[in-house]
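Observations on the three-dimensional arrangement
Below, each chain spelled out in residue letters.
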Amino acid sequence: MIRTGERYIDDLRDGRTIFINGEVVTDHVDHPAFRNTIRSVANLYDYQIEHADRMMFMTEAGNRISLY
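Everything in this summary refers to the structure shown in the same document. (Residues numbered from 1 in each chain as written. Predicted model: local features only at pLDDT ≥ 70, side-chain atom pairs only at ≥ 80, totals over all residues. Heavy atoms only, no water.)

As for helix α1 (residues 5–12)
An α-helix turns once every 3.6 residues. As a result, residues three or four positions apart point the same way. To keep it simple, the criterion reads: A simple rule labels every residue: compare its accessible area, found with a 1.4 Å probe on the protein chains alone, to the largest value its type can have, and call it buried under 20%, exposed over 50%, or partly exposed in between. We count a stretch as a helix when DSSP gives it H or I for four or more residues in a row; a strand needs E for two or more, and each element gets its number in order from the N terminus. Note that the arc is defined by the directions from the helix axis to the C-beta atoms. Whether two residues are in contact is decided by their heavy atoms, any of which lying within 4.5 Å being enough.
Among the residues making up α1, those that are buried are Gly5, Tyr8, Ile9 and Leu12. Mapping the buried residues of α1 onto a view down its axis gives an arc of 95°, with all of them on the same face. Those residues of α1 that are buried are in contact with α2 (35–50).

If you want it as structure tokens, here you go:
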């Protein structure tokens, strides 16, 4: 299954512990230090789906695979 931007973001909400300057970040997905980067990567996943003809290839088994 090809990953969507929404699934990427949901997968990051896995309870990991992140520290910034010695402080615990409880919601790194929406934290200002990470929010924009995470959304940019999510947009790349969605772009890949929208442009599957240029961003994916088909295996001999018929599965779509990302070029990256």
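Moving on from the model shown.
Overview of the nonpolar core
Quick note on the threshold: Within this scheme, the nonpolar core is defined by two criteria: the residues are buried Ala, Val, Leu, Ile, Met, Phe, Trp, Tyr or Cys, and they are joined through side-chain atoms within 4.5 Å.
Counting 7 residues, the largest nonpolar core consists of Tyr8, Ile9, Leu12, Val29, Ile38, Ala42 and Tyr45. Elements that contribute at least two residues to this core include exactly α1 and α2. Beyond its immediate chain neighbours, meaning those up to four positions away, isoleucine 38 contacts Tyr8, Ile9, Leu12, His28 and Val29.

A look at the pattern of salt bridges
The condition that has to hold: Any carboxyl oxygen of Asp or Glu that lies within 4 Å of a side-chain nitrogen of Lys or Arg is treated as forming a salt bridge with it.
Per the stated rule, a full pass over the model turns up 6 salt bridges. Here aspartate 11 and arginine 7 are joined by a salt bridge, their closest N and O atoms 3.8 Å apart. Here aspartate 11 pairs with arginine 7, and both are found in helix α1, just 4 residues apart, close to one helical turn. Between aspartate 14 and arginine 16 there is a salt bridge whose closest N-O contact spans 2.8 Å. Residue aspartate 14 is classed as partly exposed on the basis of its relative accessible area, which comes to 44%. On the basis of relative accessible area, arginine 16 is assigned to the partly exposed category, the value being 39%. Linked by salt bridges that have partners in common, Arg13, Asp27, Asp30 and Arg39 make up one network.

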